[in-house]
Amino acid sequence: MNAIYRTPEAVDFEGLKEIPLFSHVDVDCLQDLLASDSVQEYGTETLLFNAGDEADCFYAVLQGAVHLLVLTEDGSEGVVRIIRAGESFAEAAMFGSGRFPVNAEAQADTVLVRIDKARLMSVIGDRPELLVEMFEALAAHQTFLTEEVLRLRTQSPAQRLASYLLTVYEVTDWQGKGQLPLHKQLIAGRIGVDPATLSRVLRRLEPAGIICRGNDVQVEDIEGLRDYCESFGGRRSFASL
């Protein structure tokens, strides 16, 4: 693993508290959760874990992004979600099945906080209210995500896709150049349409600056895409990118 370890003292704990899972946890407790190797910086793309590995930790993203990947039907890797700064991931696997269900790859210039399960359980043993605080934070975040999904479902497929592409454009390094960073079939599932419908919707977005040739999707007029999204109150965010 090509990680450079930062000292826990270098962490912006108030920034860490902006991650939903830690929003109800005080700084002293967060400090107790971090070991000397908990804060990890990746200069290049690095595999964090494979599907089926033991889920002995979870992660929070302080900077950069992590791609969660699965094998698609044709044997290639597809991105099912992009985890951005201010989000955590793999906590459900750690608390639930005990195995990671997908592969995870840290992108270049990403900084993560790795929360070890054994250390977390030790802290919870000394402070059992921590578990309640974390689950309260998760419940509040789940309510937000549910409301966001319901809001998105009131939009047409073209509107949902436009909002999604604008988010992908603005929060990843894709910038509309080359192939989509996610498999088209997975994008179709994300916005709630079948792959054939997705292709038709992409063609409808050509006046908004979206050009599609096979899997190659480009944003040729970013201002046109923004104007289209603003015309229906589209937000430059997506509940689960």
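Residues numbered from 1 in each chain as written. Predicted model: local features only at pLDDT ≥ 70, side-chain atom pairs only at ≥ 80, totals over all residues. Heavy atoms only, no water.

## Observations regarding the pairing of strand β9 (residues 110-116)
Burial analysis of β9 places six of its seven residues in the buried class, which makes it a mostly covered element. The sheet contact formed by strand β2 (residues 39-42) and β9 spans four bridges and is antiparallel. Bridge assignment links glutamate 41 to a residue of β9, and that residue is valine 111. In this structure, strand β4 (residues 57-63) lies alongside β9, joined through six bridges in antiparallel fashion. Bridge pairing in β9 links phenylalanine 58 to isoleucine 115. (Buried < 20%, exposed > 50% of the residue type's maximum accessible area, 1.4 Å probe, protein only. Helix = DSSP H or I, 4+ residues; strand = E, 2+ residues; numbered from the N terminus. Pairing = 2+ DSSP bridges.)

## Looking at the side chain of glutamate 91
Tracing the sequence through the fold places glutamate 91 in helix α3 (residues 91-95). A distance of 2.9 Å separates the side chain of glutamate 91 from the side chain of serine 88, its partner in a polar contact. Polar side-chain contacts of glutamate 91 include one of 3.2 Å to the backbone nitrogen of phenylalanine 89. Not counting the four nearest positions on each side in its chain, glutamate 91 is found in contact with Leu21, Phe58 and Leu138. (Polar contact = N/O pair within 3.5 Å; in protein donor to acceptor, adjacent residues only side chain to side chain. Contact = heavy atoms within 4.5 Å.)

## Some details on the nonpolar core
Note on soluble globular proteins: their nonpolar side chains tend to be buried together. In terms of nonpolar packing, the biggest core is built from 42 residues, with Phe22, Leu48, Val66 and Phe89 touching the most fellow members. In terms of residue count, β4 provides more of this core than any other element does, five residues in total. In contact with valine 66, other than residues within four places in its own chain, are Leu48, Val61, Arg81, Ile82, Ile83, Phe89, Ala104, Glu105, Ala106, Thr110 and Leu112. Tyr164, Ala188, Val217 and Cys229 belong to the second-largest nonpolar core, a separate cluster that totals 22 residues. (Core = buried A, V, L, I, M, F, W, Y, C linked by side-chain atoms within 4.5 Å.)

## Quick word on unusual backbone geometry
Notably, alanine 90 is not glycine yet its phi reads approximately 80 degrees, a positive angle. Relative to the assigned elements, alanine 90 resides in the loop between β7 (88-89) and α3. For alanine 90, a relative accessible area of 16% gives the class buried.

## Things to note about the pairing of strand β11 (residues 216-219)
Side-chain positions along a regular strand alternate between the two faces of the sheet. Residues Val217 and Val219 line the buried face of β11, whereas the alternating positions Asp216 and Gln218 sit on a face that is not buried. Pairing geometry for strand β10 (residues 210-213) and β11, over four bridges, is antiparallel. Residue pairing for β11: arginine 213 is matched across the bridge by aspartate 216.

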